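Close look at the chain arrangement
Listed here are the chains, written in short residue letters.
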Amino acid sequence: MTIAQLHQLFLQSDGVCTDTRKTTSNTIFFALKGENFNGNTYAKKALELGASLAVIDEVEHKKSDKYILVDDVLKTLQELATYHRQYLNIPIIALTGSNGKTTTKELINCVLSTSFKTKATEGNLNNHIGVPLTLLSMTKDTQIGIVEMGANHLGEIDLLSSIANPDYGYITNIGKAHLEGFGGIDGVLKGKTELYRHLKKHNKKIILNLEDEKLLNASSGLDTYSFSQSNTSDVCVQLLDANPTVITLYQNDTIKSNLIGSYNFTNIAAAIAFGSYFNIHSEKIKAAIESYIPTNNRSQIIKKGDYTIVLDAYNANPTSMEAAIDNFDQANYDTKIVFLGDMFELGADASIEHQKITDRINNVNVQEAYLIGANFFKTTCNDMNTHVHKYESYDELEKNWTLKNKKGAILIKGSRGMKLERILDLL
């Protein structure tokens, strides 16, 4: 069966599924494989649950004409997504970066959806499976698609770009994320800018933050639409305040966001730049930015008793951790308490980067600091800083900690695997 033929069957279906726990009637089941599962063994169950067809790549599981046998299910899913993207022939925006991808994607979607029917990546489905699923969720009603792309190794962004064939690209920043997979900060730059090289090859456009020197240098020779705090760029967005929420100025409009920290300024500015490029009126842009409320442990402000909690526990790397600490240090709170969890995927740099964060905590204005995880536990502290407490795991914290201050502001930040949102239940 050709991809064109499979696409015709896809158009007659109600979409695709890859998990029998989420299988609905008249969907096409793709039997993907992983380290601990083989989707081929679930194909029969998917059909019993209502799937109209099952795409498999192991001949022994083909029992009837409801099974479509292919050489590689994952590759077929990706090829179908690319074919569907070409069939729709709509503008596709791709974005990647070390920090702020999902928040920026949500902001761009909020802005563009004021004037267009948009479809954006749901959650963080931003890998070699998530990107195809995002593309296949778009319909003839979709006017603009917004695709988030994640990666932790070289070559991944290039693959995702070849699947989505974006018309526009944006890189949030280059930071110390996934250092183990990329082999260092230079590898991060090389890996993330694979998006730029794909766009240049196909004569497409990038949205560029002129104040990011690394990305400015990497964008040489590309077709750009730029933003900065200066009138030298295509779009001028200025930071007015970030204490604690970000307030910006755009076309004489003051925009009061619900996002904390100056590190979210460029995420907001990028969304404004996309709105400007697509000719959305400044009043609509303002309303969209101000209506966005972060969720899923990303830069959330939560009131609990006498505590004001900055919950930013969705993920963490040295760059985002430093930004969060610095912003919290500068905020006007009388009492400041921090809970920091280990940062993952740093490889050989793990001990150095965790020590840097510990050193920074030793020198900022916080009354209590709780460092949680095996890497933080190994760091050394100044003996005079009795306000810094270390725990080898969350369980150790839960068993042994005592919070001295019964009110104040709390920052919670750590990698997703630390699940530091659990601290909310302890307060």
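Residues numbered from 1 in each chain as written. Predicted model: local features only at pLDDT ≥ 70, side-chain atom pairs only at ≥ 80, totals over all residues. Heavy atoms only, no water.

As recorded by an unreviewed UniProt entry, the protein carries the name UDP-N-acetylmuramoyl-tripeptide--D-alanyl-D-alanine ligase and is attributed to Aquimarina mytili. UniProt, in the comment section headed Subcellular location (unreviewed entry), describes the protein in these words: "Cytoplasm". The UniProt entry for the protein carries the following comment under Function (unreviewed entry): "Involved in cell wall formation. Catalyzes the final step in the synthesis of UDP-N-acetylmuramoyl-pentapeptide, the precursor of murein." (UniProt positions renumbered as here; feature names shortened; annotations may be inferred.)

1. Examining the side chain of Glu353
Summarising the element assignment, Glu353 is placed in helix H14 (residues 350-362). Of note is the side chain of Glu353, whose polar atom sits 3.4 Å from the side chain of Lys176. (Helix = DSSP H or I, 4+ residues; strand = E, 2+ residues; numbered from the N terminus. Polar contact = N/O pair within 3.5 Å; in protein donor to acceptor, adjacent residues only side chain to side chain.)

2. Notes on the UniProt feature "domain: Mur ligase central" (unreviewed entry) in the protein
Under the feature "domain: Mur ligase central" (unreviewed entry), the UniProt entry names residues 96-274. With 36% helix and 25% strand, residues 96-274 has its two end C-alpha atoms placed 15 Å apart.

3. Looking at empty space enclosed by the protein
In total, this model carries one cavity of 30 Å³ or more according to the counting rule given. Here the largest cavity is characterised by a volume of approximately 60 Å³. As for the largest cavity, its lining consists of Pro244, Ile260, Tyr263, Val310, Ala324, Asn327, Phe328, Ala331, Tyr333 and Leu411. Looking at the lining of the largest cavity element by element, the count peaks at three residues for helix H13 (residues 318-330). Residue classes in the lining of the largest cavity are distributed as nine nonpolar, one polar and no charged. (1 Å grid on protein atoms, 1.4 Å probe; cavity = no way out; pocket = protein on both sides within 12 Å on 5 of 7 lines; lining within 4 Å. Points joined across faces, edges and corners; volume = space filled by probe spheres on them. Nonpolar A, V, L, I, M, F, W, Y, C, P; charged D, E, K, R; others polar.)

4. Observations concerning the pattern of salt bridges
Applying the stated criterion to the full structure yields 16 salt bridges. With its nearest N and O atoms 3.8 Å apart, the salt bridge here joins Arg360 to Glu322. Note that Arg360 is positioned in helix H14 and Glu322 in helix H13, a separation of 38 residues in sequence. Beyond isolated ion pairs, a larger network of salt bridges with shared partners links Lys33, Asp57 and Glu58. (Salt bridge = Lys/Arg side-chain N within 4 Å of Asp/Glu carboxyl O.)

5. Things to note about unusual backbone geometry
For the bond running from Asn243 to Pro244, omega is 0°, close enough to zero to count as cis. Inspection of the secondary structure assignment puts Pro244 in the loop between strand S12 (238-242) and strand S13 (245-250). Although it is not a glycine, Asn89 sits at a positive phi angle of roughly 55°. With respect to the helices, strands and loops of the structure, Asn89 is situated in the loop between helix H3 (73-88) and strand S5 (92-96). For Asn165, which is not a glycine, the phi torsion comes out positive at approximately 45°. As for its placement among the helices and strands, Asn165 is situated in the loop between helix H6 (156-164) and strand S8 (168-171). For Asn165, a relative accessible area of 21% gives the class partly exposed. (Buried < 20%, exposed > 50% of the residue type's maximum accessible area, 1.4 Å probe, protein only.)

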